[in-house]
Amino acid sequence: MPKWSFHLSEEMKVLYRLFCFGYNIQQWIFKRFTPFGLGILICLFVAVIIGLDTKQTMAYQVFMFLLAILLIAIAFSFFFKKNFTVQRSLPSFATVGVKLAYRLTIFNKTSKIQREIRFIEEIHNPRFSFKEFKRIIQQNHQKGSINSLIYIYSKWLKAIALERKAEVKAIAISPLKPKTETIIRGEITPTHRGVVRLTGINILCPDPFNVFHALKFINLPQSLLVLPRRYQLPVINLPGSRMSQSGSVSLASSVGDSEEFVSLRDYRPGDPLRRIHWKSWAKIGKPVVREEQSEYFVRHALILDTFGTQSESTILEEAISVAASFACDFHTQESLLDLMFVGLESYCFTSGRGLGNSEQMLEILASVRACQDKSFDYLTAMVTERLSALSGCICVLITWDEAREKLIRQLQQFNIPLLILLLAESEQEYGQLNLENLHILPLDKIQETLLAI
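What you see is a predicted model, and the numbers here were worked out from it, not measured in a lab. (Residues numbered from 1 in each chain as written. Predicted model: local features only at pLDDT ≥ 70, side-chain atom pairs only at ≥ 80, totals over all residues. Heavy atoms only, no water.)

A. View of the side chain of Ser-77. Note on placement: Ser-77 falls in the loop between α3 (59–76) and β1 (84–89). Among the polar contacts made by the side chain of Ser-77, one reaches the main-chain carbonyl oxygen of Ile-74 at a distance of 2.5 Å. In contact with Ser-77, not counting residues within four places along its chain, are Arg-32, Lys-82, Phe-212, His-213 and Ala-214. (Helix = DSSP H or I, 4+ residues; strand = E, 2+ residues; numbered from the N terminus. Polar contact = N/O pair within 3.5 Å; in protein donor to acceptor, adjacent residues only side chain to side chain. Contact = heavy atoms within 4.5 Å.)

B. Here's a closer look at helix α7 (residues 314–329). The terminal C-alpha atoms of α7, which comprises 16 residues, lie 23 Å apart, in line with the 22 Å expected from a rise of 1.5 Å per residue. Buried residues of α7: Ile-315, Leu-316, Glu-318, Ala-319, Ile-320, Ser-321, Val-322, Ala-323, Ala-324, Ser-325, Phe-326 and Ala-327, and no others. (Expected span 1.5 Å × (residues − 1). Buried < 20%, exposed > 50% of the residue type's maximum accessible area, 1.4 Å probe, protein only.)

C. Highlighting the pairing of strand β17 (residues 418–424). When you tally the buried positions in β17, you get seven out of seven residues, the bulk of the element. In this sheet, β17 lies alongside strand β16 (residues 392–397) in parallel orientation, the contact comprising five bridges. Directly across from Ile-394, in β17, lies its bridge partner Leu-419. Once the chain exits β16 it traverses helix α10 (residues 402–413) before rejoining the sheet at β17, and the crossover so formed is right-handed. Strand direction decides the pairing type here: β17 and strand β18 (residues 438–442), joined by five bridges, are parallel. What sits directly across from Leu-421, in β18, is His-439. (Pairing = 2+ DSSP bridges. Right-handed = clockwise from strand over helix to strand, strands pointing away.)

D. Region of the structure containing the confidence of the model for the protein chain. The predicted model of the protein chain averages 82 in pLDDT, with 85% of residues at 70 or higher. For the protein chain, per-element mean pLDDT is lowest for strand β10 (residues 243–245), which scores 48, and highest for strand β5 (residues 166–167), which scores 94. Contacts of residues 247–260 to residues separated by more than four positions or lying in other chains number 29 contacts, the stretch itself having pLDDT below 50. (pLDDT = per-residue confidence, 0-100.)

E. Fine view of the packing of helix α2 (residues 35–50) against α3. Remark: α2 packs on α3, axes separated minimally by 9 Å, with the N-to-C direction vectors making an angle of 150°. One finds that α2 runs roughly antiparallel with respect to α3. Pair α2 / α3 crosses with left-handed handedness. Residues Ile-40, Leu-41, Cys-43, Leu-44, Ala-47, Val-48 and Ile-50 of α2 form the contact with α3, whose participating residues are Ala-59, Phe-63, Leu-66, Leu-67, Ile-69 and Leu-70. Of the residues assigned to the contact of α2 with α3, the class counts are 13 nonpolar, no polar and no charged. (Axes fitted to C-alpha atoms, helices over the stretch in contact; angles between N-to-C directions. Parallel < 35°, antiparallel > 145°, perpendicular 65-115°, else oblique. Left-handed = near helix turned anticlockwise from the far one by under 90°. Nonpolar A, V, L, I, M, F, W, Y, C, P; charged D, E, K, R; others polar.)

F. Structural view of a nonpolar patch on the surface. A contiguous nonpolar surface patch, about 510 Å² in accessible area, is contributed by Ile-42, Phe-45, Val-46, Ile-49 and Ile-50. Its place among the elements puts Phe-45 in helix α2. (Patch = residues over 30% accessible without salt bridge, like charges linked within 9 Å, V, L, I, M, F, W, Y side chains within 5 Å. Areas by Shrake-Rupley, 256 points an atom, 1.4 Å probe, with all protein chains shown as cover. Salt bridge = Lys/Arg side-chain N within 4 Å of Asp/Glu carboxyl O.)

G. Just the packing of helix α9 (residues 377–385) against α10, in detail. Relative to each other, α9 and α10 sit at 10°, their axes nearing to 10 Å. Judged by the inter-axis angle, α9 sits roughly parallel to α10. From α9, Thr-380, Val-383 and Thr-384 reach across to α10, where they touch Ala-403, Leu-407, Gln-410 and Leu-411. Split into classes, the residues belonging to the contact of α9 with α10 amount to four nonpolar, three polar and no charged.

H. View of the packing of aromatic side chains. Summed over all chains, the structure comprises eleven aromatic pairs. Ring centres of Phe-33 and Phe-212 lie 5.2 Å apart, and the angle between their planes is 80°; on these two criteria the pair is classed as edge-to-face. Within this pair, whereas Phe-33 is found in the loop between α1 (9–32) and α2, its partner Phe-212 is found in the loop between β8 (194–206) and β9 (213–227), the two being separated by 179 residues in sequence. The exposure classification of Phe-33 matches that of Phe-212, with both residues buried. Between Tyr-347 and Phe-349 the ring centres are 6.0 Å apart and the planes differ by 10°, which places this aromatic pair in the stacked class. One aromatic cluster in this structure is built from Tyr-16, Phe-19, Tyr-153 and Trp-156. (Phe/Tyr/Trp six-rings, centres within 6.5 Å; stacked < 30°, edge-to-face > 60°.)

I. Highlighting the sheet that holds strand β4 (residues 118–123). Read from one edge of the open sheet, five strands run β2-β9-β8-β4-β6, paired in mixed fashion. Here the strands that pair on one side only, and so sit at the sheet edges, are β2 (93–95) and β6 (171–172). Here β8 runs beside β9; their pairing, made up of twelve bridges, is antiparallel. From the neighbouring strand, Gly-194 faces β9, where its bridge partner is Val-226.

J. Representation of α9. Listed as buried for α9 are Leu-379, Thr-380, Met-382 and Val-383. Summarising the axial view, the buried residues of α9 lie within an arc of 165°, below the 170-degree limit, and thus occupy one face. (Arc of directions from axis to C-beta.)

K. Layout of the pattern of salt bridges. Taken as a whole and assessed by the stated rule, the structure comprises twelve salt bridges. Residue Glu-187 is joined to Lys-99 by a salt bridge in which the shortest nitrogen-to-oxygen separation is 3.9 Å. Placement of the pair is Glu-187 in strand β7 (residues 180–190) and Lys-99 in the loop between β2 and β3 (100–108), with a sequence separation of 88 residues. Here Lys-99 falls in the exposed class, since its relative accessible area comes to 57%. Between Lys-286 and Asp-266 there is a salt bridge, with its nearest N and O atoms 3.6 Å apart. Here Lys-286 is found in the loop between α6 (278–284) and β12 (288–291), whereas its partner Asp-266 is found in strand β11 (residues 263–266), with 20 residues between them in sequence. Put simply, Lys-99, Arg-185 and Glu-187 are held in one network by salt bridges that share partners.

Printed below as a string of structure tokens:
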């Protein structure tokens, strides 16, 4: 096939409108037609091609017969009584790749038994702007992989699936008795982390020929947060001595210094105002400050590399899944875990010893995006600021270059124990690297490699 080139903005706008129209038609057809109905549509198309010359073939008669069946089936859909109410009991969280089962309560308000009813969740379809469409085209054009309109359309569908975050299928319902509530089981399969926005539920009922669905849309908006995929980990005891932590952090129930103190003393010039003990000042008439006890305990850093050239990539998603696995399984009852990464800005979230929990970490990781407008030095600077308090580091990297090597060498100079996990397309990609505690995670063997650490 000849390669397509897109240099004129008007040509791309026309293609954008065609793709939007084609996608909407595709969604309508697969929603309204049964598998048998889809077969009739294909036969109609074939009959049109074969029967163009009515003198040479009798295919036009087949066409007229199939068309009559189709029109009768569509006419039946107008007589479907559409009087239902639905309540959905949806959990707050789901996990990528794990089917989510939930409960639906459907109330049939009609006076007839409704048979052969099916339902399917309606997920919000993203409305890509022309700018986003142009970005998708340009990304694939730079790779030299644009060969046909079919290829471009497949990338368009993939981008839409990425934004939808989940897949749903039509589920059959047992006959609904009149004026009666029925509890059924729904299923959603999350495919990508992030927020799934459900707009409502489609109630489907086929015609007597089982060709075309009558449809009743019930508006029922709700959202669901999909957490990253997690891998099974072995018991990992990252070595590291207890380090001094300021402000009795181990006793705090929220981020920041606690109000616990060891003793009181007179105010000295330069003491921070937050340490003034106001009640004592009011009693004795002069400023008094708290003296806080330093705590010593283990504090590890979970460093996530988000610096990618693409906004979405398989290797970044797998890196986030690996980080989520450690954030969830890392024992923080007697230690702290700092999750560090760079997005729109530098972020550091702490869990353990009352400062947070693994569920909050997973919620944060569900929203992580690739950083494309900053250099890796931003992450290095953030880690450097906290070196004196760290007992060890887990580094999850998506590539290897001088900037990453600089960070690792700096951590080694401070004698901080490291566990370095480097994502790779294959086992041979970084075979020349020779670093202590470095583990290459090939994309097709991540679980096996993690269990072997």
